[in-house]
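Reading the structure
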Amino acid sequence: MAATDERATRLRWASAALALTLVAGPGAAADRVGGAVSYYADDNAVRVVSPRVSATVERGRATLDARAAVDFVSAASVDLVTAASPRGFEETRVETGAAAKWRASPLQTVGADASISIEPDFHTWRVGALAAREMFSRHGTLELGYGFSRSEIGRRDDAAFSRGRTTYDLLLGYSHVLGPRTALDVGSTLTLVDGFQANPYRWVRLYAPGGTLHATAVPEQAPETRWRSGTSLRLRTRLVPHLFGLAEYRLYADTWGVVAHTARLRATLGLGSEAWTLWLEARGSTQGAASFYRARYATFPSAPDLRTADKDLGPMWTALAGLHLEWSPPVTRLSALRFGVGGDLYRMRYLDYAFLTARTAVIGVFDVTTEF
Amino acid sequence: MLPRTLLLLGLAAAACGALGCATVQPWERGVLADRRMRAVASPDCEGARAHVLAVREGAAGGLGATGVACGCN
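Overview of the structure. Since we're looking at a predicted model, the values are computed, not measured.

So, how was this worked out
Residues numbered from 1 in each chain as written. Chains lettered and ligands numbered in written order. Predicted model: local features only at pLDDT ≥ 70, side-chain atom pairs only at ≥ 80, totals over all residues. Heavy atoms only, no water. Helix = DSSP H or I, 4+ residues; strand = E, 2+ residues; numbered from the N terminus. Buried < 20%, exposed > 50% of the residue type's maximum accessible area, 1.4 Å probe, protein only. Areas by Shrake-Rupley, 256 points an atom, 1.4 Å probe, with all protein chains shown as cover. Pairing = 2+ DSSP bridges. Lys, Arg positive; Asp, Glu negative; His and termini not counted. Salt bridge = Lys/Arg side-chain N within 4 Å of Asp/Glu carboxyl O. Contact = heavy atoms within 4.5 Å. Phe/Tyr/Trp six-rings, centres within 6.5 Å; stacked < 30°, edge-to-face > 60°. Lys NZ or Arg CZ within 6 Å of the ring centre and 35° of its normal.

Comments concerning the overall build of chain B
Helix and strand content of chain B: two helices and zero strands. Taken over 73 residues, chain B has a buried fraction of 44%. Of the roughly 3,500 Å² of accessible surface on chain B, 66% is carried by carbon and sulfur atoms.

Here it is in structure tokens:
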């Protein structure tokens, strides 16, 4: 696809997304319209600027959400080095989606969602359905969801390269009100990913046994099937007046042998007659390696059937600390107007990867939300 | 995987029992309906972070329940 055609396609999608959001905007008496601009930068020369907008309209039993986001990515990272590319790249990703919910009865809600994501060489569309039912005198809510997505994967330098990937998601969640100030969520997702799952740009270096310099490099090769499961437990509570807390643990495992544990703590403090809200968050994760991951494949002249140079499939841990400050000025015509600014410090430590041992990133965000 | 899932569900049930699972009347749910009680309080803001984490970690996903339920509607 020519560059001008790509740009035109992206602009069409962005225009459609913006139009969808504006249709659901103030002219239609939207209940909520929000927007944010986030900035990601790390010490591995990756920069991402992401404006996004979203809107929610509630009319009677129906709720409609629409959202759109654009990622402007520039990179010259070690990821590119391992792909044997001498240059960095710049690209744009556009994502837009919509969701609708219908309160079928006082205790039952059904919904559906659809989204599409466009990159120059990676197109994905997704549809999903969700059903929820309140039970136990409205102390419990059971959710069941299903999602289906399809990706078409290309390669810039090879017009003939075309692969597909299909993903099936099953979600089961339950929330329970434990008391006037406390709720508990338990959730589990089961995902089947079927199709091409390697990176078409990534090459894996092969070494001769005992050799120090790689002898050759071959394309990455990953299994075509991956079952992924995640189960989480989350407690939400108001600790004391004006102070809310959230604690969450997640266990992840998949058939590639990756097992991960993630914990998250969040404190939310209301300040100054609730006009100001401060969010403090800490998150940590630890992850084991995929069964076929090796920091070094010393198998030359033969190549293993499965091989990867993806450091995210190796053993690693991450830590994140963030804060977000929100201001709600007194307004008369709106029910709420909120300005937020925040930042995260995100540290990734790769325990068995030759080209990069750690990466530190900052994530900044500015957001505005209005409610009518 | 199944035993771990059952273990987590068991822990949830134990927490429910330990905390009493008190009956909460509709007029007592003001705190539960507070936006600050939600797992995702600001979709635009937290969506950006979630996207970064999904890209940067090989073990993304699996957060299940949306974390907004309070029986307040």
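Side note on the pairing of strand 11 (residues 214–219) of chain A
The pairing of strand 10 (residues 203–207) of chain A with strand 11 of chain A spans five bridges and is antiparallel. The residue of strand 11 of chain A that forms the bridge with Arg205 of chain A is Ala217 of chain A.

Thoughts on the side chain of Asp312 of chain A
Within the secondary structure, Asp312 of chain A is located in the loop between strand 15 (276–287) and strand 16 (316–327). One buried charge, Asp312 of chain A, has no salt-bridge partner; the nearest side chain with opposite charge is Lys311 of chain A, at 5.1 Å. In contact with Asp312 of chain A, other than residues within four places in its own chain, are Gln287 and Tyr350 of chain A together with Val55, Arg56 and Gly58 of chain B.

Observations concerning the packing of aromatic side chains
Residue and element names in this part refer to chain A. One pass over the full model with this rule turns up eight aromatic pairs over all chains. Measuring from ring centre to ring centre gives 5.7 Å for Phe161 and Phe196, while their planes differ by 75°; the resulting arrangement is edge-to-face. With a gap of 35 residues between them, Phe161 in strand 8 (residues 158–179) and Phe196 in the loop between strand 9 (182–195) and strand 10 connect regions that are remote in the sequence. Neither Phe161 nor Phe196 differs from the other in exposure class; each is buried. Ring-pair connections join several aromatic residues into one group, and the members of that group are Trp125, Phe148 and Tyr168. Of note, Arg163 hangs over the ring of Phe196, and the distance from its end group to the ring centre comes to 5.8 Å.

Here we look at the pattern of salt bridges
For the coordinates displayed, the defined rule picks out 29 salt bridges over all chains. Across the pair Asp71 of chain A and Arg93 of chain A runs a salt bridge, and its minimum N-O distance is 2.8 Å. On the criterion of sequence distance, the pair formed by Asp71 of chain A in strand 3 (residues 62–75) and Arg93 of chain A in strand 4 (residues 89–105) is long-range, its members being 22 residues apart. Relative accessible area serves as the criterion here: at 2%, Asp71 of chain A is assigned to the buried category. With relative accessibility at 10%, the residue Arg93 of chain A sits in the buried group. Residue Asp34 of chain B pairs with Arg36 of chain B through a salt bridge whose shortest N-O separation is 2.9 Å.

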